[in-house]
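Working through the structure, step by step
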Amino acid sequence: MVGHMAYSETREEISALVKERADIVQIIGECVDLKRSGVRYLGLCPFHGEKTPSFSVHSGQQFFHCFGCGESGDVFSFMMKYYNLDFQGALKELARRYQIDLPEKPVSPEEQRKKQLRQLIYRVNEKGAETYRRYLTQAPEAAPARAYLQKRAISAEIQEKFGIGYAPAVEAAGWDFLGRQLGREEREAAVEAGLLVKKEGGGVYDRFRDRILFPIFESDGRIAGFGGRIIGEGQPKYMNSPESPVFNKSRLLLGLYQQQEAIRQRRRAVLVEGNFDMISLVANGCDNVVAPLGTALTKPQIRILKHLADTVILLFDGDAAGMKAAIRSVPLFLAEQMEGRVALLPSGHDPDTFIREKGVGALNALLDRSEPLAEFIFTQLVSEHGMTLTGKSRIIDELRPLVQAAESPLQRSVVIAHFGEKLGISAEQLVASLAGERAAGPPVAAPVVPKKASPLTPAQKRLAGFLVMYPLALPRLEEAGIREYLTGGIGEVLFLQIRSLLERGGDLQPEDLLTVLPDGAERDFVTEMLLKAPSLNQHNPEGDGLEGEIAELMEWLRLEQLKGLSGELLQQINAMQRDCDPAALEVLLQRKQKVDRELRGIID
């Protein structure tokens, strides 16, 4: 093992050491079937469905890029996205694999106590899950629970997959069924976890009684808490563990641990409201579904799904509660800049009854017809208020929190422009209305129109594309004046970036640009060139062919320079004729004649 590093070493230094030791081809090769292609490896992208390999891994530069969906990054990025980890989690896992000891932050006795308590709670939760699972499958007194699950068509396989258990009724096992099976220290941790409740007069009793229990897993498989559905009469119908040092229901999703791979493969998550709705959908073939824990959808939950999916479809009943849940979620999707959609079930159906009666094919068809969330909300508001002047005013009032939820000026501008067009008013008018007296919260900023880079001309596109594909040709083309013809656009940015990389030395490859360019027009252009390159012979010359194309481009640059110089001289000659300076005019005429002769020589 590598010796412990001092904690004072920077995160960058530690990360660099782990990245240096980690073999990105080995790490990705555990998840993707990679085949060598030149200096790179190719395979099917794990982040979107594809049949032709477009996922490239470069071992020398330690990065990956998918030319299909645009995902790219280093070994940390892959670990974070594929295994749904944060950076610290990815760093720890890679350090473990490559036997690198990470520095440990000095902790106070209080912090150490909290850490030990969290570890003990996780162990007690695991023991509780095993105990309740065993009781469901073996105890004669659990027959009603087994019959209930059978009635709802939840197979033994699905029960095992989700670790479903049963907390017995008081009549069957007393008030302290779980507590009797725990040691003193475990009982204390179980109270902190919410599995046991302290009595006022001393002692403890079980929180969950006569309930089917769903363990709620962290993304790494640890059990953070439980959700219970009562079997007999009583309230509440559903009960979750209380908040604890390890359980925060706003950042967890039921089923995410089991379904995250299916969500990642489809790049689409389906979100339902109930525990049994989620279980039923999985049992009947819809395996990219999760459920919040009895509360409205939260921003942390959307952020978790954002690592796995491009789209979240809210599958709701077509009742008023479903409508309100959809409306409440709009600001969250806007704030996270993630696509949300809505699929409404037919009247009289919930997800469970629909898939059991209609089948997974009908459900998938319904999901495919889902509406964009913002469009759905606007349609509902128009249906409720109409498009009279009064109706529009009410719609604007209800749109205000949606617009305020957009976190960037650009995103806010897009939302304002979109809804303004729908309402038949200008963006400026909508901004004024949203900022009216009834406005609550921060003022709504006027829309910002982003400045767009000038589009590349065909000639500029060819020059910039050639630099991307053959960066080693840049010094000769720079001498020939290529930068002058790329000034003021993305071509010049690419020119400067390539020159900077060349100055560092090494055998620069086109894909190396993707490791340094941020998201934007330049990166999109490089990706476009790399995608097209294999099928374009003019971008794939070698040897004499490459030299010929460089010579052709240099000649074209010289031609353009002469054309520009000739035009400038003509303007000077015209001005000189007005000033009546024969001697100076003669010099300009001679220079122009010389330039024009050279120009004709190139053209001819």
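Note on numbering: residues in each chain are counted from 1, in written sequence order. Since the coordinates come from a predicted model, pLDDT governs what is reported: local features require at least 70, and pairs of side-chain atoms require 80 or more to be given and counted, while whole-chain, interface and lining totals use all residues. Heavy atoms throughout the structure, all of them, feed into the side-chain values; hydrogens and water do not.

**Some words on the overall build of the protein chain**
Short version of the rule: Put simply, DSSP H or I for four residues or longer makes a helix, DSSP E for two residues or longer makes a strand, and each gets a number counted from the N terminus. Here's how the labels work: a residue is buried when its accessible area is under 20% of the maximum for its type, exposed when over 50%, partly exposed in between, all with a 1.4 Å probe on protein chains only. The contact criterion used throughout is that any non-hydrogen atoms of two residues lie within 4.5 Å. Accessible surface area values rest on a Shrake-Rupley calculation with a 1.4 Å probe, where residue burial reflects the displayed protein chains alone.
Looking only at helices and strands, one finds 25 helices and 16 strands in the protein chain. Scored against the burial criterion, the 604 residues of the protein chain give a buried share of 46%. For the protein chain, the share of sequence-separated contacts (at least 6 apart) that also reach a separation of at least 24 residues comes to 64%. A total of about 30500 Å² of accessible surface is found on the protein chain, and carbon and sulfur atoms cover 51% of it.

**Observations regarding the layout of surface pockets**
Over the atoms rolls a probe the size of a water molecule, and its path tells where empty space is left. Where we set the bar: Grid spacing is 1 Å over the protein atoms alone, the probe is 1.4 Å, and a cavity is where that probe fits but cannot get out, while a pocket is an open set with protein on both sides within 12 Å along at least five of seven lines and lining residues have an atom within 4 Å of a point. Grid points are joined across faces, edges and corners, and a volume is the space filled by probe spheres set on the points. When residues are grouped by polarity, Ala, Val, Leu, Ile, Met, Phe, Trp, Tyr, Cys and Pro land in nonpolar, Asp, Glu, Lys and Arg in charged, and all others, Gly among them, in polar.
Considered as a void within the structure, the second largest pocket measures approximately 590 Å³ in volume. In this structure, the second largest pocket is lined by 26 residues; those nearest its centre are Glu273, Gly274, Asn275, Asp277 and Gly294. It is helix α13 (residues 320–336) that provides the largest number of residues to the lining of the second largest pocket, a total of four residues. Each residue belonging to the lining of the second largest pocket can be placed in one class, and the counts come to 14 nonpolar, six polar and six charged.

**What about the packing of helix α3 (residues 75–83) against helix α10 (residues 256–266)?**
Stated precisely, the cut-off is as follows: Axis definition: a line fitted to C-alpha atoms, limited for helices to the stretch in contact. Angles are taken between N-to-C directions and run from 0 to 180 degrees. For this classification, under 35 degrees means roughly parallel, over 145 means roughly antiparallel, 65 to 115 means roughly perpendicular, and everything else is oblique.
One way to put it is that α3 packs onto α10 with a least axis distance of 9 Å and a crossing angle of 115°. Of the possible angle classes, the one that applies to α3 and α10 is roughly perpendicular. Packed against α3, whose contacting residues are Lys81, Tyr82 and Tyr83, the element α10 presents Gln260, Glu261 and Arg264 at the interface. Partitioned by chemical class, the residues of the contact of α3 with α10 number two nonpolar, one polar and three charged.

**What to know about the environment of His58**
Following the sequence through the fold, His58 ends up in strand β3 (residues 55–58). For the pair formed by His58 and Arg36, sequence separation is 22 residues and the distance between their alpha carbons is 9.8 Å.

**Some thoughts on the sheet that holds strand β6 (residues 165–167)**
Filter applied, for reference: Strand pairing requires that DSSP identify at least two bridges connecting the strands.
With respect to topology, four strands assemble into an open sheet ordered β6-β9-β10-β11, the strand pairing being antiparallel. Because the sheet does not close on itself, it has two edges, and the strands there are β6 and β11 (238–240). Neighbouring strand axes in the sheet, compared pairwise and without regard to direction, differ in orientation by 30° on average. As defined by bridge partners, β6 adjoins strand β9 (residues 211–217) across three bridges and the pair is classed as antiparallel. For Tyr166, the partnering residue across the bridge sits in β9 and is Ile212.

**Some words on the side chain of Ser241**
Inspection of the secondary structure puts Ser241 in the loop between β11 and α10. Setting aside residues no more than four positions away along its own chain, Ser241 makes contact with Ala193, Phe208, Gly225, Phe226 and Phe247.

**A look at the pairing of β3**
Side chains Phe55 and Val57 of β3 all project onto a buried face; the interleaved residues Ser56 and His58 project onto the opposite face, where all are buried too. Relative to β3, strand β2 (residues 40–43) runs antiparallel, the two sharing four bridges. By the bridge assignment for β3, Gly43 is matched with Phe55. Examined bridge by bridge, β3 and strand β4 (residues 63–66) share four bridges and lie antiparallel to one another. Residue pairing across strands places Phe55 opposite Cys66, the latter belonging to β4.

**Side note on the packing of aromatic side chains**
Definition in use: A pair of aromatic rings is counted whenever rings of Phe, Tyr or Trp (Trp by its six-membered ring) have centres within 6.5 Å, and the orientation is called stacked for planes under 30 degrees apart, edge-to-face for over 60 and tilted otherwise. By definition here, charges over rings are those cases where NZ of Lys or CZ of Arg is within 6 Å of the ring centre and within 35 degrees of the ring normal.
The full count for this structure, using the stated rule, is 20 aromatic pairs. Note on Tyr135 and Tyr166: the rings are 6.1 Å apart at their centroids and 35° apart in plane angle, and the pair reads as tilted. Here Tyr166 lies in strand β6 and Tyr135 lies in helix α5 (residues 109–138), a separation of 31 residues in the sequence. A relative accessible area of 11% places Tyr135 in the buried class. Taking 5.9 Å as the distance between ring centres and 65° as the angle between the ring planes, the aromatic pair formed by Tyr485 and Trp556 counts as edge-to-face. Residue Tyr485 is located in the loop between α21 (474–479) and α22 (490–503), and its partner Trp556 is located in helix α24 (residues 544–579); the two are separated by 71 residues in the primary sequence. According to the relative accessible area criterion, Tyr485 is buried, its value standing at 16%. Taken together, the ring pairs in this structure connect Phe47, Phe55, Phe64, Phe78, Tyr82 and Tyr83 into an aromatic cluster. Directly above the aromatic system of Phe276 lies the positively charged group of Arg152, at a separation of 4.5 Å from the ring centroid.

**Considering the nonpolar core**
Using the following cut-off: Only buried residues count toward a nonpolar core. Its members are Ala, Val, Leu, Ile, Met, Phe, Trp, Tyr and Cys residues joined through side-chain atoms within 4.5 Å.
Ile164, Ile212, Met278 and Leu315 are the most contacted members of the largest nonpolar core, which has 63 residues in total. Broken down by element, this core gets its largest block of residues, nine residues, from α5. Core analysis: the next-biggest nonpolar cluster, separate from the first, contains 41 residues, Ile304, Leu305, Ala309 and Phe378 among them.

**Re the confidence of the model for the protein chain**
The following threshold applies: Confidence scores labelled pLDDT are given residue by residue by the predictor and lie between 0 and 100.
Across the protein chain, the average pLDDT comes to 81, with 85% of residues at 70 or higher. When mean pLDDT is taken per element in the protein chain, strand β13 (residues 289–290) scores highest with 96 and helix α25 (residues 582–603) scores lowest with 69. Low pLDDT, under 50, characterises residues 1–9; the stretch is placed with 21 contacts to residues that sit more than four places away or in other chains. Note on residues 445–453: pLDDT under 50 across the span, and 13 contacts to partners over four residues away in sequence or across chains.

**Quick notes on the packing of α3 against helix α4 (residues 87–97)**
Viewed as axis vectors pointing N to C, α3 and α4 meet at an angle of 110°, and their least axial separation amounts to 9 Å. Classified by the angle their axes make, α3 and α4 are roughly perpendicular. Along the contact surface, α3 presents Val75, Phe76, Met79, Met80 and Tyr83, while α4 presents Phe87, Ala90, Leu91, Glu93, Leu94 and Arg97. Looking at the contact of α3 with α4 residue by residue, the classes come out as nine nonpolar, no polar and two charged.

**Describing helix α19 (residues 427–434)**
Applied cut-off: Arc definition: it is the arc formed by the directions from the helix axis to the C-beta atoms.
Within the sequence span of α19, burial applies to Ala427, Leu430, Val431 and Leu434. The buried residues of α19 occupy an angular sector of 100° when the element is viewed end-on, so they sit on one face. When the buried face of α19 is taken as reference, the exposed residues oriented beyond 90 degrees from it are Glu428 and Ala432.

**A look at the pattern of salt bridges**
To keep things clear, this is the line we draw: Here a salt bridge means any side-chain nitrogen of Lys or Arg lying within 4 Å of a carboxyl oxygen belonging to Asp or Glu.
Using the criterion set out here, one finds 24 salt bridges in the structure. We note a salt bridge from Arg97 to Glu30, for which the minimum N-O separation is 2.6 Å. A residue pair is termed long-range when its members are at least 10 positions apart, and Arg97 in helix α4 and Glu30 in the loop between α2 (24–29) and β1 (35–37) qualify at 67 residues. Given the relative accessible area of 26%, Arg97 is considered partly exposed. Where Asp310 meets Arg267, a salt bridge forms, and the shortest distance between an N and an O atom there is 3.2 Å. Of this pair, Asp310 sits in the loop between α12 (299–306) and β14 (311–316) while Arg267 sits in the loop between α10 and β12 (268–271), placing them 43 residues apart in sequence. Here Asp310 falls in the partly exposed class, since its relative accessible area comes to 44%. Arg267 gets classed as buried once you look at its relative accessible area, which sits at 6%.

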